[in-house]
Amino acid sequence: MDIEPLKNLIKNCDNIKEELIEFLPDKDKHRLHNWNYVENDFYINDRILCIKRNTLEIECNGRISYINNGMIGISIGRYRNICIEPRKYYLFIRNKGKEVQKREFMKYILEKL
């Protein structure tokens, strides 16, 4: 069953990340420190953290390997990949120095196509 308990609270707030942190379990709160909440700007090779909307549990953490037909493929380890529907998760992207440059480069290439 896909019930989203924080839907009404989050749609009216400015900082979704801070609101989510208040309702996450204590063991997961510290994991979101260097992550940014993103709704729709995903690029290949971004580090992504997925929090399930109905249970507020961290379900997966990895790199985006493909984006196809509204689905996101995530490489979790060397031999494990999963495919998720972005609308069922709160998605966070990690930005680091080199990764920001790669992200900007991917954005630039996508705009030129």
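For the structure itself, look to the data block above.
In this report, we go over the structure that sits alongside the text. Quantities reported herein were computed from a predicted structural model and do not represent experimental measurements.

Another aspect to go through is the pattern of salt bridges. Evaluated as defined, the whole model comprises three salt bridges. For the salt bridge of K29 with D26, the shortest nitrogen-to-oxygen distance reads 3.6 Å. Residue K29 and its partner D26 are both found in helix α3 (residues 26-29); the two are separated by three residues, about one turn of the helix. For R87, the salt bridge goes to E85, with nearest N and O atoms at 3.0 Å. We classify R87 as exposed; its relative accessible area is 60%. The class for E85 is partly exposed, based on a relative accessible area of 24%. Through salt bridges with shared partners, a single network forms among E85, R87 and K88.

One non-glycine residue, N45, adopts positive backbone phi at about 80 degrees. Here N45 falls in the partly exposed class, since its relative accessible area comes to 40%. With a phi angle near 55 degrees, L56 is a residue other than glycine that sits in the positive phi range. Mapped onto the secondary structure, L56 falls in the loop between β2 (47-52) and β3 (58-68).

Taken together, the side chains of I44, Y66, I67, F105, M106, Y108, I109, L110 and L113 make up a nonpolar region of the molecular surface, amounting to roughly 900 Å² of accessible area. Sorting the residues of the nonpolar patch by element identifies β3 and α4 (97-112) as the ones contributing at least two each. Tallying contributions element by element places α4 first for the nonpolar patch, with five residues.

Each value, and the rule that gives it
Residues numbered from 1 in each chain as written. Predicted model: local features only at pLDDT ≥ 70, side-chain atom pairs only at ≥ 80, totals over all residues. Heavy atoms only, no water. Salt bridge = Lys/Arg side-chain N within 4 Å of Asp/Glu carboxyl O. Helix = DSSP H or I, 4+ residues; strand = E, 2+ residues; numbered from the N terminus. Buried < 20%, exposed > 50% of the residue type's maximum accessible area, 1.4 Å probe, protein only. Patch = residues over 30% accessible without salt bridge, like charges linked within 9 Å, V, L, I, M, F, W, Y side chains within 5 Å. Areas by Shrake-Rupley, 256 points an atom, 1.4 Å probe, with all protein chains shown as cover.

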